[in-house]
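Spelled out from the first residue to the last, the chains are:
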Amino acid sequence: MSARREAWFTTLCVVALGLPLLLLLVLFGQVLVDSLPRLSWDFLSSFPSRRAENAGVLPGLVGSALLCLGTAAIALPVGVGAAIFLEEYGGNRRMARVIELNVANLAGVPSILYGILGLALFVRTLGLGRSVISGAATLALLVLPVVIVAAREALRAVPHGLREASLALGATRWQTIRRVVLPSAAPGIFTGAILAVSRALGETAPLVVIGAVAYVTYLPDSPRAAFTALPIQIFSWISRPQASFAHNAAAGIVVLLALLLVLNAAVIVLRDRAQRRAAR
Amino acid sequence: MVRHTDREYEGELRELNDRILKMAGRVEAMVSRSVRALVERDPDLARATILLDESVNADEVEIDEQCQSILARRQPLAGDLRFISCALKMVTDLERIGDIAVNLCERAIELAREPALTPIAELGQMALLVQEMLKEVADAFTARAADRARAVIRRDDMVDELYHGALRTMLSLMSQDPRALQRGIHTLAVAKFLERIGDHATNLAEEVVYLVDGKDIRHAGKRAAPPGV
Amino acid sequence: MSTAAAAVPSTPAADDAKRPGRAKMEVRALSAAFGSNQVVRAIDLDIEARRVLAIIGPSGCGKSTFVRCLNRMHEITLGATVTGQVLLDGEDLYGRGVDPVLLRRRVGMVFQKPNPFPTMSIKENVLAGLRLTGTLGGTDAARVVESALTSAALWDEVKDRLDAPGGSLSGGQQQRLCIARALAVEPEVLLMDEPCSALDPIATARIEDLIHVLRERYTIVIVTHNMQQAARASDTTAFFLHGELVECSPTERLFTHPRDRRTEDYITGKFG
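Predicted, not measured: the structure shown is a model, and the values here were computed from it.

Colleague: For this particular structure, what's the right way to read the arrangement of the chains?
Modeller: For this structure, the chain pair with the highest number of contacts among two pairs of chains in contact is chains A and C. When C-alpha atoms are compared, chain A and chain B, though not in contact, are closest at a spacing of 33 Å.

Here it is in structure tokens:
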């Protein structure tokens, strides 16, 4: 009786797992088939064009790369700093609890609101314009909670004994954090950062709001330059009526997916290496 | 009394305690029977008593083994440690007293073959005294009473005095009557044996004091046994 | 010992302070708490120079907290408070203007779980104390490494792989590495908080042997819940119960004939 029930439950689990996987596979297959006519080196290295067969994703690719770098450059120091404050210095103080609450709440805010915030704060108030830097700053805000949570997790995973050992050797708190805690937490922090950046890579809504341009025929030459990003490009192609642009969109999706896959692979490699070191 | 948390350990220590008491009882019985064999000139009783020594020897071996086992397995400390080291020494003294009782019985057999000697008062008193000491030291051990053990030690002085008195009496007796020489020598040995039982009883008492108070009072002379306590 | 003392010219007072048996640390009315939870109550205790003091007691008796007060590690825990005095060579550790960071270089500590820094090699671990605090300066790193590892009786086992990660050593070796790391800072007092509780008997014997050697140069306080270890390794033993010091006696005396009934009950296993 119980064995049969067990088998029944196992089947249910397999179906629950298999169905979405199948769906995903079908979707991906469709996109891949659609993209085949357009996937080529030229597609990666060309600018957009009115003629679908000449259009490429180069500005989107470069824009997305710049956004990622910018996001990481802003979110990482701020996020890790906040995490260090909360984990190492904050303790139970009121201030720390207020920050903690805010971080938790920020993680639940819809991304479009970040776009609006970015538009108001970076584009208008700070006068940075509809630029790469505004986009990166906005995305940095968006992923900050992710970075903070991941960094705190990584810091918390560093055995308390290591901090005590360092303090007992006559190191100050900061010396301990810099030389002992951060090196140990680094793999975890970078894992979180890359996951955060890969989330930023896929974001469209906030970029649309702050005004990323869909049709860019040059590469951004300064942080203040106008820009586009892969998701924006894909979005714009999809909204065209011509079928040939749909192939472009599909190819764009494949490029974006490949990029995400590379980033996630990097995470796995990093985590694996960290685990092997911890196991030793 | 507070018990050990480990009840098996508690049981082992109690068992050891009981074994020592049983051995002490057997030794006491051997001494009293050997004295009776002497007084009543009863060689059969003496022979029967000699046979008892085997069980006393067996006791010694068993208790030794149990002490070793507790030392190895329990690593006793403080009072328990003193108890084990005390037990190891006590069995040696008890076993020696058993041997002396055998010697007494052998003399009893020899003396029974000869005509009776004039009773010597000191010898009778000595025999009574050392038996009392043995009984008292066993009680002090049971009650873990250092003061009672100390009283036993003080009584040994009286044993020594009696011994010297007996010696003098015997010497004058033998010098008056050379035919009594053979019996006299046996009787002298009896006095010596009784005196040595007193010494071993004193050792036992010192061990009990160490067990209870943790103070080593051996070789300390009379100063270590304050009169009043 | 006496010849070495004669060879080193020093003032009588300084000489006196270094003599074994002299109080290196004096604890006066020391109490410690976590929030409202009082874990150490009014301890008075002298810690003799170049002797080994063992602290025993049941779990939660405050023995670990007590030693952590001796190098002001207790206060790094949130809500931890300390009152009373701890004098190191006559100077109050809790006095005004005493920097706990500098103090901890004089009073080193080894912990229950071997905790070499996992991101550092064996060599870097030994030098960690000096590097962390930026006091390595011009001193010869190689010499510091060799002498600290030799003092910790680990040199021969690791001299050919100083660049291997600290985590690659066995548990006992890791603990000796931690001892070497603590010694490299050249402390005067070494606190050991249950240093062998994670080690097998052979590794434990190595550490205990090491303690016997180290006591020639350092004042050592070792917390242990292993009474046999206290009996083997220490000169003086203190028994803590419910945050109070019940008895502090020469080790030999405490384990054969303790003064206090509670000590007797504890060490003979008559508790609870």
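Still to come is the rest of the account.
Colleague: Which parts of the structure should I look at to understand the sheet that holds strand β10 (residues 244-250) of chain C?
Modeller: All names here are of chain C. Strand order in the open sheet made by the six strands is β6-β7-β8-β3-β9-β10, with mixed pairing throughout. Edge positions in the sheet fall to β6 (107-110) and β10, since each has one partner strand and no second. Geometrically, the sheet is characterised by an average inter-axis angle of 20° between neighbouring strands, direction not taken into account. Strand direction decides the pairing type here: β6 and strand β7 (residues 189-193), joined by four bridges, are parallel. Within the sheet, the bridge partner assigned to M109 lies in β7 and is L191. Each of β6 and β7 is contacted by helix α8 (residues 171-184), which is oriented at about 170° to β6, the strand it contacts most.

Colleague: What is the right way to look at helix α4 (residues 121-143) of chain B in this model?
Modeller: Count 3.6 residues to each turn of an α-helix, and residues three or four apart come out pointing the same way. All names here are of chain B. The first and last C-alpha atoms of α4 sit 33 Å apart over 23 residues, in line with the 33 Å expected at 1.5 Å per residue. Along α4, the residues classified as buried are L123, M126, A127, L129, V130, M133, L134, V137, A138, A140 and F141. Elements that come into contact with the buried residues of α4 comprise α1 (7-39), α3 (78-113), α5 (146-176) and α6 (181-213). Trailing α4 by a residue or two, R144 shows a phi angle of about 50°, which is positive.

Colleague: Help me understand unusual backbone geometry, please; the structure alone is not making it clear to me.
Modeller: A negative phi angle characterises most non-glycine residues, just as the trans form characterises most peptide bonds. The phi dihedral of R41 of chain B falls on the positive side, at around 50°, and the residue is not glycine. Structurally, the position occupied by R41 of chain B is in the loop between α1 and α2 (43-74). Positive phi outside glycine occurs at R72 of chain C, with the angle close to 55°. On the secondary structure map, R72 of chain C appears in the loop between α3 (63-70) and β4 (80-88).

Colleague: Teacher, can you tell me more about the interface of chain A and chain C here?
Modeller: Accessible area lost upon the coming together of the parts is a frequently used measure of interface size. Each side of the interface is counted separately: chain A has 21 residues, and chain C has 28 residues. Across the chain A/chain C interface, buried area totals approximately 2,000 Å², and carbon plus sulfur atoms make up 66% of it. Three residues, E164, A168 and L169 of chain A, lead the burial of chain A against chain C; their summed loss comes to 30% of the area buried on that side. Applying the counting criterion to the chain A and chain C interface returns one salt bridge. A salt bridge links R68 of chain C to E164 of chain A; its shortest N-O distance comes to 2.5 Å. Run the count over chain A and chain C and you get three residue pairs in polar contact (both at pLDDT 80 or more). For the side of chain A that touches chain C, the secondary-structure elements that each account for two or more residues are α7 (160-168) and α8 (173-202) of chain A. With seven residues, α7 of chain A is the largest single contributor of residues to the side of chain A that touches chain C.

The rules behind the values
- Residues numbered from 1 in each chain as written.
- Chains lettered and ligands numbered in written order.
- Predicted model: local features only at pLDDT ≥ 70, side-chain atom pairs only at ≥ 80, totals over all residues.
- Heavy atoms only, no water.
- Contact = heavy atoms within 4.5 Å.
- Pairing = 2+ DSSP bridges.
- Helix = DSSP H or I, 4+ residues; strand = E, 2+ residues; numbered from the N terminus.
- Axes fitted to C-alpha atoms, helices over the stretch in contact; angles between N-to-C directions.
- Expected span 1.5 Å × (residues − 1).
- Buried < 20%, exposed > 50% of the residue type's maximum accessible area, 1.4 Å probe, protein only.
- Buried area = accessible area lost by both parts, 1.4 Å probe.
- Salt bridge = Lys/Arg side-chain N within 4 Å of Asp/Glu carboxyl O.
- Polar contact = N/O pair within 3.5 Å; in protein donor to acceptor, adjacent residues only side chain to side chain.

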